[in-house]
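Breakdown of the fold
Each chain, written out:
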Amino acid sequence: MIAFRDHARATLPGLYPVIANASQAVMEELEIFLRHRKDAMWICGLTPTGEVRDPKILGKLDEVHRSTFDLVARLGTASAPSLAAQSQESLAPTAWNNRLSNLAARGLLIERRSGKTKTFAPVLEVA
């Protein structure tokens, strides 16, 4: 699953793999695997009509990436310059961009380019 995600993200930048309707046993095994790798993926349920239910991040993000993800999830969308301006951390936009790009490479955030600026948003909406 991880190899597919990494290949998909590297070759098809508009594809964001999500695990849907996994059994409890599969979720438990994947959770152990992801935590061991210090990695994470989106997981959710899908209704028969295709509606997303209970989206969440499965696995483990280090503290820096978790706090960055949580900040973007709270804001809904963010750019590196906007996070540098709003955050209590005294980080340059380049450092924020590195964090955001890492989360996008993992398929946790959608990266959109508008001119020179990149904006990021969660792939799924967390309630």
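Up top you'll find the structure we're talking about.
An account of the accompanying structure is given in this report. Because the structure is a prediction, the values reported are computed rather than measured.

Here we come to the pairing of strand S5 (residues 109–114). In terms of strand pairing, S5 meets strand S6 (residues 117–122) through 6 bridges, oriented antiparallel. Bridge assignment links serine 114 to a residue of S6, and that residue is threonine 117.

Let us look at the sheet that holds strand S1 (residues 19–20). Strand order in the open sheet formed by 3 strands is S1-S2-S3, and the pairing between neighbours is mixed. The sheet is open, and its two edges are formed by S1 and strand S3 (52–59), each paired on a single side. Across 2 bridges, S1 lies against strand S2 (residues 40–46) in parallel orientation. Within the sheet, the bridge partner assigned to alanine 20 lies in S2 and is cysteine 44.

Spanning 14 residues, helix H2 (residues 24–37) covers 20 Å between terminal C-alpha atoms, matching the ideal 20 Å at 1.5 Å per step. Looking at H2, one finds that the buried residues are Leu30, Glu31 and Leu34. Looking straight down H2, one finds that the buried residues subtend no more than 110 degrees of arc, so they occupy a single side. Exposed residues pointing more than 90 degrees away from the buried face of H2 are listed as Glu29, Ile32 and His36. One or two positions beyond H2, positive phi appears at lysine 38, with a value near 55 degrees.

Further remarks concern the nonpolar core. Counting residues in hydrophobic clusters, the biggest one holds 22 residues, and the most contacted among them are Trp42, Phe69, Leu83, Leu100, Leu108 and Leu109. Where this core is concerned, the elements lending two or more residues are S2, helix H3 (63–75), helix H4 (80–86), helix H5 (93–105) and S5. Ranked by the residues each element gives to this core, the list is headed by H5, at 4 residues. If we ignore the near neighbours within four places in the chain, the residues touching leucine 100 are Thr68, Val72, Ser79, Ala80, Leu83, Leu109 and Phe120. In this structure, Ile19, Leu30, Met41 and Leu58 belong to the second largest nonpolar core, which totals 7 residues.

Take the side chain of histidine 65 next. Mapped onto the elements of the fold, histidine 65 is located in helix H3. Given the relative accessible area of 12%, histidine 65 is considered buried. If sequence neighbours within four positions are ignored, histidine 65 has contacts with Arg99, Asn102, Leu103 and Arg106.

If the charged atoms of two oppositely charged side chains come close together, the side chains can form a pair. Under the definition given, this model contains 9 salt bridges. The salt bridge involving aspartate 39 is made with arginine 37; its shortest N-O contact spans 3.5 Å. Judged by relative accessible area, arginine 37 falls into the partly exposed class, the value being 41%. Put simply, glutamate 111 and lysine 118 hold a salt bridge, and the shortest N to O gap is 3.5 Å. Several salt bridges converge on common partners, so that one network encompasses Arg5, Asp6, Arg37, Asp39 and Arg106.

Criteria and cut-off values
Residues numbered from 1 in each chain as written. Predicted model: local features only at pLDDT ≥ 70, side-chain atom pairs only at ≥ 80, totals over all residues. Heavy atoms only, no water. Pairing = 2+ DSSP bridges. Helix = DSSP H or I, 4+ residues; strand = E, 2+ residues; numbered from the N terminus. Expected span 1.5 Å × (residues − 1). Buried < 20%, exposed > 50% of the residue type's maximum accessible area, 1.4 Å probe, protein only. Arc of directions from axis to C-beta. Core = buried A, V, L, I, M, F, W, Y, C linked by side-chain atoms within 4.5 Å. Contact = heavy atoms within 4.5 Å. Salt bridge = Lys/Arg side-chain N within 4 Å of Asp/Glu carboxyl O.

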